[in-house]
Amino acid sequence: MISRGKSKTTEETNLEWQKIVNNLNDYDVQVRYLRHFYQAFRPIGLIFSADKGKEKITKSELIKTYTNVIKVDAESVLKELTKKSEIYQSLSYPENMSDDNSFIRYKSKLFDLKKLGVAPAYTLLLFLFEKHPEQNFKNLLDYIEKWFMIRHLTDSPATNRLDDIFIEATKTQHDGYNEKGLITELQKELPAKDRVKEALDSVTLYEDNPALIRYILIYLEQKQRTTEIQVDFWAVNENGSAIWSVEHIYPQKPKKNEWFDDCKEGLHSLGNLTLSAYNRSLSNRSFGEKAEVKNAEGNIGLKSGNVKINDYLLDKNDWRINNIKERGTK
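For the structure given in this document, a descriptive report is provided here. (Residues numbered from 1 in each chain as written. Predicted model: local features only at pLDDT ≥ 70, side-chain atom pairs only at ≥ 80, totals over all residues. Heavy atoms only, no water.)

1. Concerning the overall build of the chain
Check the secondary structure of the chain and you find 14 helices and four strands. Reported as C-alpha extents along the three principal axes, the dimensions of the chain are approximately 80 × 45 × 35 Å. Looking at the chain residue by residue over its 330 residues, the buried ones come to 45%. The contacts in the chain between residues at least 6 apart in sequence include a share of 65% that link residues at least 24 apart. Surface summary for the chain: the accessible area is close to 17,800 Å², and the carbon and sulfur share equals 48%. If the 50 positive side-chain charges of the chain are averaged to one point and the 49 negative ones to another, these points end up 2 Å apart. (Helix = DSSP H or I, 4+ residues; strand = E, 2+ residues; numbered from the N terminus. Buried < 20%, exposed > 50% of the residue type's maximum accessible area, 1.4 Å probe, protein only. Contact = heavy atoms within 4.5 Å. Areas by Shrake-Rupley, 256 points an atom, 1.4 Å probe, with all protein chains shown as cover. Lys, Arg positive; Asp, Glu negative; His and termini not counted. Charge placed at Lys NZ, Arg CZ, Asp CG, Glu CD.)

2. A closer look at the pattern of salt bridges
Counted under the stated rule, the structure contains 21 salt bridges. The closest approach of N and O atoms between Lys83 and Glu130, which form a salt bridge, is 3.5 Å. You can see Lys83 sitting in helix α3 (residues 62–92) and its partner Glu130 sitting in helix α5 (residues 122–131), a full 47 residues away along the chain. Accessibility expressed as a relative area gives 16% for Glu130, which makes it buried. The closest approach of N and O atoms between Asp142 and Lys138, which form a salt bridge, is 3.0 Å. Here the residue Asp142 and the residue Lys138 both occupy positions in helix α6 (residues 138–154), the gap between them amounting to four residues, near one helical turn. Counted as one network, the salt bridges with shared partners bring together Glu80, Lys83, Lys84, Glu130 and Lys131. (Salt bridge = Lys/Arg side-chain N within 4 Å of Asp/Glu carboxyl O.)

3. Focus on α5
Buried residues dominate α5, accounting for nine of its ten residues. If you check which residues of α5 are buried, you get Tyr122, Thr123, Leu124, Leu125, Leu126, Phe127, Leu128, Phe129 and Glu130. Residues of α5 that are buried in the fold lie against α2 (27–41), α3, α4 (107–116), α6, α7 (162–171) and α8 (179–187).

4. So, the side chain of Glu247
Structurally, Glu247 is set in strand β1 (residues 245–248). For Glu247, a relative accessible area of 2% corresponds to the buried category. Of the polar contacts made by the side chain of Glu247, one reaches the side chain of Lys290; its length is 2.6 Å. With residues up to four places along the chain from it excluded, the contact list for Glu247 reads Asn272, Leu273, Thr274, Ser276, Asn279, Leu282, Ser283 and Lys290. (Polar contact = N/O pair within 3.5 Å; in protein donor to acceptor, adjacent residues only side chain to side chain.)

5. Thoughts on the packing of aromatic side chains
The tally for this structure, following the rule as stated, stands at 20 aromatic pairs. Between Phe41 and Phe127 the ring centres are 5.8 Å apart and the planes differ by 35°, which places this aromatic pair in the tilted class. Pair noted here: Phe41 is in helix α2 and Phe127 is in helix α5, with a separation of 86 residues, a long-range link. In this pair, the class of Phe41 matches that of Phe127, namely buried. Each ring, one from Trp259 and one from Phe287, has its centre 6.2 Å from the other, and the planes form 85°; the classification is edge-to-face. Of the two residues, Trp259 sits in the loop between β1 and β2 (273–276) while Phe287 sits in helix α13 (residues 287–292), which places them 28 residues apart along the sequence. Aromatic ring contacts, followed pair by pair, group Tyr33, Phe37, Phe41, Tyr88, Tyr122 and Phe127 into a single cluster. Here the basic side chain of Lys84 rests over the ring of Phe41, its NZ or CZ set 5.3 Å away from the ring centre. (Phe/Tyr/Trp six-rings, centres within 6.5 Å; stacked < 30°, edge-to-face > 60°. Lys NZ or Arg CZ within 6 Å of the ring centre and 35° of its normal.)

6. Section: the packing of α6 against α8
Two numbers describe how α6 lies on α8: the axes approach to 11 Å, and their chain directions differ by 5°. Accordingly, the angle class assigned to the pair α6 and α8 is roughly parallel. Together, Asn139, Leu140, Tyr143 and Trp147 of α6 and Glu179, Leu182, Ile183, Leu186 and Gln187 of α8 make up the contact between the two elements. Split into classes, the residues belonging to the contact of α6 with α8 amount to six nonpolar, two polar and one charged. (Axes fitted to C-alpha atoms, helices over the stretch in contact; angles between N-to-C directions. Parallel < 35°, antiparallel > 145°, perpendicular 65-115°, else oblique. Nonpolar A, V, L, I, M, F, W, Y, C, P; charged D, E, K, R; others polar.)

7. Some words on the packing of α2 against α3
Orientation of α2 relative to α3, taken along the N-to-C sense of each, is 105°, at an axis distance of 9 Å. As far as their axial angle goes, α3 and α2 are roughly perpendicular. For the pair formed by α2 and α3, the contact residues are Val29, Val31, Arg32, Tyr33, Leu34, Arg35, His36, Phe37, Tyr38 and Phe41 on the first element and Leu62, Thr65, Tyr66, Glu80, Leu81, Lys84, Ser85, Tyr88 and Ser92 on the second. Across the contact of α2 with α3, the residue classes tally to eleven nonpolar, four polar and four charged.

8. Considerations on the side chain of Asn101
Here Asn101 is to be found in the loop between α3 and α4. You can call Asn101 buried: its relative accessible area is 18%. Here Phe103 takes part through its backbone nitrogen, which lies 2.8 Å from a polar atom of the side chain of Asn101.

9. Observations concerning the pairing of β2
Along β2, one buried face is formed by Leu273 and Leu275 and the opposite face, lined by Thr274 and Ser276, is buried too. Where β1 meets β2, four bridges bridge the pair, whose relative direction is antiparallel. The residue of β2 that forms the bridge with Glu247 is Thr274. (Pairing = 2+ DSSP bridges.)

The structure is reproduced here in structure tokens:
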């Protein structure tokens, strides 16, 4: 039973709400936060009655649902919403984290996850970060990254199931943090390895989801780099355009007689894709030129060693479909 607290004036309520707005200054993020707060904490009876209401709340139900509890105890509701909005700010805007933020150790990973698009998992992460702030969630965040790469790659589980999956996952953590059990439950929702391999083998991989493939290529490249040689692959130039982009080794517009025609069937497949900060310079040059091209900054070609996922190319003098398939498999 929720007790009635001291009522706040309209002005005091507006001031408290403004703190939340300041933490989450995008309207869509505010709406998502209110949904995730409800889904994370209603089952344990925080603000809301645990034995009443739906498990999942829609945008259209927010105003009525929150108005009802604010009428009962506005001070407690706003206090909890304000406190937890600071955690949600870290999830939604990790790039703005201050050095004294208690979750600063996850800044880079949370930024990656934001790029990947893992918002349905924020119900779970909001709950865990609030209940277990001293816990090390590195392994869990790494797993969630892999989980969503597979999910986005295969479109399984379906989008309309994601909220439900993470609501159920959050419930498993009510009695304490159980990483092994949590990962086991989430793993059950993913497609079989054969389905993942089939998706990665697709000859239309880049066409189907260019943003995801860029993410996967960055993920693979980062895995091959030590801390000392990490690069910000999400960096943008002064115009706001991405510095690093996906480069097709066999180009999308090849010049006649400079490439083997059999490469066409592998144009958009994984083995023909890489990363480059000099996409325009490489463009549709021949393989030999792409491999060795230089500019004022030095060697920027595919064999320069600047990109680790290009190591396969170092001993290649031409580019054929069998190379694309072999590199994709690797």
